[in-house]
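# Observations on chain architecture
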Amino acid sequence: MTGLSHTQNQSLKSFNTFGFDVVALQYLPIESPEDLPVLFQAESFKKQPFGILGGGSNITFTQDFQGLLLHNKILGKKIIDQSNDTILVEFGGGENWHETVLYTLENGWGGLENLSLIPGTVGACPIQNIGAYGVEIKDCFHSLTAFHIPSGEFHVLNKEACGFGYRDSVFKREKKGQYFITAVQFRLSTHPEIRTQYGDIQATLDGWGIAEPSIRDISNAVIHIRQSKLPNPAEIGNCGSFFKNPVVSSDIIPALLAQYPDLKTFPAGEGFTKVPAGWLIEKGGWKGYRRDNIGVHAKQALVLVNYGGGTGAQIIALAKEIQADIFQKFGIELEMEVNAW
Ligand code: EPU
């Protein structure tokens, strides 16, 4: 190993939001980008498998991690550029996502408010282009800085280079496993557009008697809605949405609507339609289903939960059963959004 101090048999229970009781054979927190070239050049390092962990909120550990787990702990906040009504700001990849959103709100910078209370880290957010309540990270994303493992160099990738899609980016496809994201730069606004259209945001604000919401009000509404529907990982282990909302050929929609008039659909480009996976899973009869210590959340069928003492292998087995059942009932394939290790 290098001079960087790693621990052996590190428990990952508090490092994954499912709360699975697994260990990493070797574990190394990375606090500075400068550690990365040193580490990846070391001969001893090259001999073993490695993985990169952020907030552990999109991962199902099905077994102990059999290698060196690098935990992104790179912190930092920095204003890069400021003009009349926009600001370019950089955050370290290991910064907590929600704390980062709150920090931008304290400064009056708009753009991230609809993404309040999403578990995870800044460095992980571009990987799956996190999204909620009508906004995706790509909307405010400017660029990111990352250590390119194959070349040993630091690269800056702009929005185009990241190839963002719905819960997707190059980091899940052709560049998978190649980058350690050390910092992300966002373009935020001091005169932000207020986005209340999605779901219950407007109704929540109306209920509070707020006619002209600030970005802080939007954040509070999103926090309120999320807390009412989604389990708090500190209380019930989960990884948020376990599956992606499937995008299907629009040709199959009329027959589905004839059978299920309450199906909500969303346009997803010419000839394609997005169908809510939560609705499919609920209609399939799985909402609130519980087996031993795991199950399907009672208020949001897209979320699989660990009530305590469950394992990643049990979650994956349940997820596969749900996939098979939904395919059998609706002819639609559900794709897992969460990574399995
Ligand atoms: N629905 C059901 N039953 C359920 C859940 C949802 O019928 O059990 C229906 C709802 O009635 C609604 C539709 O499905 O018509 C959409 O539901 P919702 O607005 O709750 O959002 P979602 O599609 O289930 C997505 C994201 C969430 C994000 C919300 C809000 C994905 C995979 N998930 O969920 O993201 O918070 O929209 O924007 O796109 C996450 O990725 O971890 C996550 C929580």
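Residues numbered from 1 in each chain as written. Predicted model: local features only at pLDDT ≥ 70, side-chain atom pairs only at ≥ 80, totals over all residues. Heavy atoms only, no water.

## Topic: the nonpolar core
Side chains that are nonpolar tend, in soluble globular proteins, to be buried together. Trp97, Leu112, Leu144 and Phe186 are the most contacted members of the largest nonpolar core, which has 38 residues in total. Contacts of Phe186, omitting those with residues within four sequence positions, involve Ile87, Leu88, Val89, Phe91, Trp97, Leu112, Val122, Cys125, Ile137, Cys140, Phe141 and His142. Counting 31 residues, the second largest nonpolar core, distinct from the first, contains Val296, Ile326, Phe330 and Ile332. (Core = buried A, V, L, I, M, F, W, Y, C linked by side-chain atoms within 4.5 Å. Buried < 20%, exposed > 50% of the residue type's maximum accessible area, 1.4 Å probe, protein only. Contact = heavy atoms within 4.5 Å.)

## Details of the pattern of salt bridges
This model, assessed by the stated rule, comprises 13 salt bridges. Notably, a salt bridge pairs Arg167 with Glu337, separated by 3.3 Å at the nearest N-O pair. Taken together, the residues span a long stretch of sequence, with Arg167 in the loop between helix H4 (159-162) and strand S12 (179-189) and Glu337 in the loop between helix H9 (312-330) and strand S20 (339-340) at a distance of 170 residues. We classify Arg167 as buried; its relative accessible area is 15%. Taking the relative accessible area as the measure of exposure, Glu337 reaches 5% and is therefore buried. Lys244 serves as the salt-bridge partner of Glu335, at 3.6 Å between the closest nitrogen and oxygen. With Glu335 in the loop between H9 and S20 and Lys244 in the loop between strand S13 (237-241) and strand S14 (247-249), the pair connects residues that are 91 residues apart, well separated along the chain. The network of salt bridges with common partners includes Glu136, Lys138 and Asp139. (Salt bridge = Lys/Arg side-chain N within 4 Å of Asp/Glu carboxyl O. Helix = DSSP H or I, 4+ residues; strand = E, 2+ residues; numbered from the N terminus.)

## A short note on the site of the ligand
Around the ligand sit 22 residues, and of these Tyr133, Tyr166, Arg167, Glu282 and Gln300 come closest. The contact in question runs from an oxygen atom of the ligand to an N or O atom on the side chain of Lys229, over 3.4 Å. Protein burial of the ligand: of its 810 Å² of free accessible surface, 84% is covered by the chains. For the shell around the ligand, the secondary-structure elements that each account for two or more residues are strand S8 (131-132), helix H6 (215-229), S13 and helix H8 (277-283). If you tally residues by element for the shell around the ligand, the top one is H8, at three residues. Looking at the shell around the ligand residue by residue, the class counts come to nine nonpolar, six polar and seven charged. In terms of domain composition, the shell around the ligand takes at least three residues from each of domain 2 (77-189) and domain 3 (237-340). (Near = heavy atom within 4 Å. Polar contact = N/O pair within 3.5 Å; in protein donor to acceptor, adjacent residues only side chain to side chain. Areas by Shrake-Rupley, 256 points an atom, 1.4 Å probe, with all protein chains shown as cover. Nonpolar A, V, L, I, M, F, W, Y, C, P; charged D, E, K, R; others polar. Domains from an automatic or database assignment.)

Honestly, it's all geometry; don't read function into it.
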